[in-house]
Structure formats: structure tokens, C-alpha cells
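The chain contents come next:
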Amino acid sequence: MTQRPLEGKWALVTGSTRGLGRTIAEWLADAGASIIVTGRDQAAVDDSIAAVTSRGVEAIGFPADLSSIEDSHRLAEAAIAASPDGIDILVNNAGMSIRSAFWDVSDEEFEYQINVNVRSPFVLAQHMARQMIERQIQGRIINISTIGVHSCHKDAMVYNLAKAGVEAMTKNMSFELGPFGISVNCVAPGNIALRPGTVEADWFPGAINAVPLGRVGHAEDIAAAVRFFCLPESAYTTGQTLLVDGALGSYLPEFYTEPVNPRRHL
């Protein structure tokens, strides 16, 4: 494998001004890819562009609010227009969750989470797939899901069901895009500290106790999985969801820190 195996490629990474998306963008840049940065705030976009270009690749950026379907279309069109040779990689990383019991979720909260977590990735993938097909690019689409699809998060039903849609979308897109040489895969993070050097949050100790590997995940763990799906060596791998969770989802805990049924002891 060459030292910069993605040299000459362009990658659009959503939510790449902070957290996992920023780390993913930097790792793909280190592999030689030029990056299209996006986030809601122009100043944060500019800061990410500077971080990416410091790695010796080109970078451009566009602010966008992916809760708006109109913004999702505008972002895709602007990114395609700015890359005359085409976009080779789409990483649908942007996501968010409004925590509450499902019976308390308002219509507005439901729509907001669905738009950010599954509808905007669908819209962006539509645009990117069309231009890949038109330009005969054997591209890569990588979606980001969550362990919550496989082991429920507390008070995050809408987020989890949206990400379940992302995993179903991944498999369906791989089937439809396979004949064009385009692969579509998904990475599902477990408990992840968002950035290198992140100050330990209150949830870290409990999370560490629950993970067989004995630590929470790092943003680099997710970036490495995304990069794998972009490499030439993974061209035959498509339609897959890779759970990166330190084996958290591999066992049934013997004891619980909280009762599963909160009414049990009333």
C-alpha cells in the first residue's frame, strides 16, 4: 500500500468541523485525499480547512444546516460544482440526538432528528451517486451509524431508528450501486471520546467498566475504519456495517447499574 493511497481523490465529509468528522477529514487528508469540509458555522469551517490544508492537500468548505433538506441539496450542488473532476468519496458523518422518552418527542424534534440523521445522508448520497455514475467514478460512500441500532440507547429512540434507516440504506444502496463499481459501507461507533485529548467526561468511568477492551473508543478508531472503506484494498467489500465498539455489544452484562424496569421496585 502506498503512503498516500488516496492521493488525487476528493472526499466530502459532513459534520467535519469538530468531533468524529474533523478527525475523519484529517485522516483522509493524511492518506492524500483533498477534503470538502462542511458544518453549520463558517468560522468553524474555515478552521477545519486550515487544519486539512496543513496536511499538504487541498480543501474547500461550505456551511450548511443539514436539518434543512434545501441546505442538503445546496451543499451537494455546491460541492459538485467546486470539484470539476468529481467527488470520489462521501462520508455521511453529521448526526445528532435529542434525548427524551419517546412519548415526549414533539413532531418538530422528530422531524429535526430524522432530517439530520437519515434524510440528508440520503439526499447527499443521491447527488454523489449520480455524479459518480455520470463521471464513471468507482466511488465510495461511507455512512456513520451507532451501536444504538444494535443495543438501545436510553431516551434516544428517534436517533436509533434513524440510524437503523442508515444501515438499511447502506445495504440497499450497495445493491443498486454495485453494478457501477461504487461501494457503500457503514461504520457504527460504540462509546467514543470525540477528539484526541478530550477531557474525560462523567460517563467515561461507567463506560470503561462496560467495555471488554477496558477503554472508551477514540475518534481515531472510527477514522481508521472509515479510511479502510476508502482504500483500494477494500474495493470488494460493500453493503457492510462495521461495529467499532471494543466488544461492548458482544455480551449480556451480568449486572446492571440501574434497574431495566424503573417501576420494578415501586
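Bear in mind the structure is a predicted one, so any value in this text is a computation, not a measurement.

Attention now goes to the overall build of the chain. The secondary structure content of the chain amounts to seven helices and nine strands. Taking the intrachain contacts of the chain between residues at least 6 apart in sequence as the baseline, contacts between residues at least 24 apart amount to 72%. Accessible surface, the chain: about 13,600 Å² in total, of which carbon and sulfur atoms supply 53%.

This paragraph deals with the packing of helix α1 (residues 19-30) against helix α2 (residues 42-53). For the pair α1 and α2, interaxial distance at closest approach is 9 Å and the crossing angle is 30 degrees. On the basis of the axis angle, α1 is roughly parallel to α2. Crossing angle aside, the handedness with which α1 passes α2 is right-handed. Note on element contacts: α2 touches α1 through Asp47, Ser48, Ala51 and Val52, opposite Arg22, Ala25, Glu26 and Ala29. Each residue belonging to the contact of α1 with α2 can be placed in one class, and the counts come to four nonpolar, one polar and three charged.

The biggest cluster of nonpolar side chains holds 32 residues, and the ones touching the most others in it are Ile24, Leu28, Ile35, Val187 and Val226. Secondary-structure elements contributing two or more residues to this core are β1 (10-13), α1, β2 (34-39), α2, β4 (89-92), β5 (140-144) and α7 (219-230). Looking at which element gives the most residues to this core, the answer is α7, with seven residues. Aside from chain neighbours lying at most four places away, what touches Leu28 is Leu6, Ala11, Val13, Ala33, Ile35, Val91, Arg227 and Cys230.

The next thing to look at is the side chain of Asp88. Among the structural elements, Asp88 can be located in the loop between α3 (69-82) and β4. Notably, Asp88 is buried but unbridged: the nearest opposite-charge side chain belongs to Lys9, and the N-O separation is 4.3 Å. There is a polar contact of 2.9 Å between the side chain of Asp88 and the backbone nitrogen of Trp10.

Before going further, it helps to spend a moment on unusual backbone geometry. The phi dihedral of Asp155 is positive, around 55 degrees, even though this residue is not glycine. Within the element layout of this structure, Asp155 appears in the loop between β5 and α5 (157-177). Residues other than glycine seldom take positive phi values, yet Ala247 does so here, at roughly 75 degrees. Within the fold, Ala247 resides in the segment after β9 (241-244).

For an α-helix, 3.6 residues make a turn, and residues three or four places apart therefore share a direction. The terminal C-alpha atoms of helix α4 (residues 107-134), which comprises 28 residues, lie 38 Å apart, in line with the 40 Å expected from a rise of 1.5 Å per residue. At Asn115, α4 shows its maximal kink, close to 50 degrees. One or two steps after α4, the chain reaches Gln136, where phi turns positive at roughly 55 degrees.

A separate point is the packing of aromatic side chains. Going through the model one piece at a time under the given rule, you end up with two aromatic pairs. On the numbers, 5.5 Å between centres and 75 degrees between planes, the contact of Phe102 with Trp103 is edge-to-face. Judged by relative accessible area, which is 64%, Trp103 ranks as exposed. Judged by centre distance (5.4 Å) and plane angle (55 degrees), the ring pair of Phe228 and Phe229 falls under tilted. Here Phe229 falls in the buried class, since its relative accessible area comes to 2%.

Where β2 and strand β3 (residues 59-63) come together, five bridges link them in parallel fashion. Each residue of the ladder has a partner; that of Val37, found in β3, is Gly61. With α2 bridging β2 and its parallel neighbour β3, the resulting β-α-β unit is right-handed.

Let us now look at the pairing of β1. Of the two faces of β1, the one holding Trp10 and Leu12 and the one holding Ala11 and Val13 are both buried throughout. Note: β1 against β2, four bridges, orientation parallel. Within the sheet, the bridge partner assigned to Trp10 lies in β2 and is Ser34. The parallel pair β1 and β2 is bridged by α1, and the resulting crossover is right-handed. Bridge analysis of β1 against β4 gives three bridges, and the strand direction is parallel. For Val13, the partnering residue across the bridge sits in β4 and is Val91.

The rules we used
Residues numbered from 1 in each chain as written. Predicted model: local features only at pLDDT ≥ 70, side-chain atom pairs only at ≥ 80, totals over all residues. Heavy atoms only, no water. Helix = DSSP H or I, 4+ residues; strand = E, 2+ residues; numbered from the N terminus. Contact = heavy atoms within 4.5 Å. Areas by Shrake-Rupley, 256 points an atom, 1.4 Å probe, with all protein chains shown as cover. Axes fitted to C-alpha atoms, helices over the stretch in contact; angles between N-to-C directions. Parallel < 35°, antiparallel > 145°, perpendicular 65-115°, else oblique. Left-handed = near helix turned anticlockwise from the far one by under 90°. Nonpolar A, V, L, I, M, F, W, Y, C, P; charged D, E, K, R; others polar. Core = buried A, V, L, I, M, F, W, Y, C linked by side-chain atoms within 4.5 Å. Buried < 20%, exposed > 50% of the residue type's maximum accessible area, 1.4 Å probe, protein only. Lys, Arg positive; Asp, Glu negative; His and termini not counted. Salt bridge = Lys/Arg side-chain N within 4 Å of Asp/Glu carboxyl O. Polar contact = N/O pair within 3.5 Å; in protein donor to acceptor, adjacent residues only side chain to side chain. Expected span 1.5 Å × (residues − 1). Bend = angle between axes of the 7 residues up to and from the residue. Phe/Tyr/Trp six-rings, centres within 6.5 Å; stacked < 30°, edge-to-face > 60°. Pairing = 2+ DSSP bridges. Right-handed = clockwise from strand over helix to strand, strands pointing away.

All quantities given are derived from atomic positions and should not be read as evidence of function.
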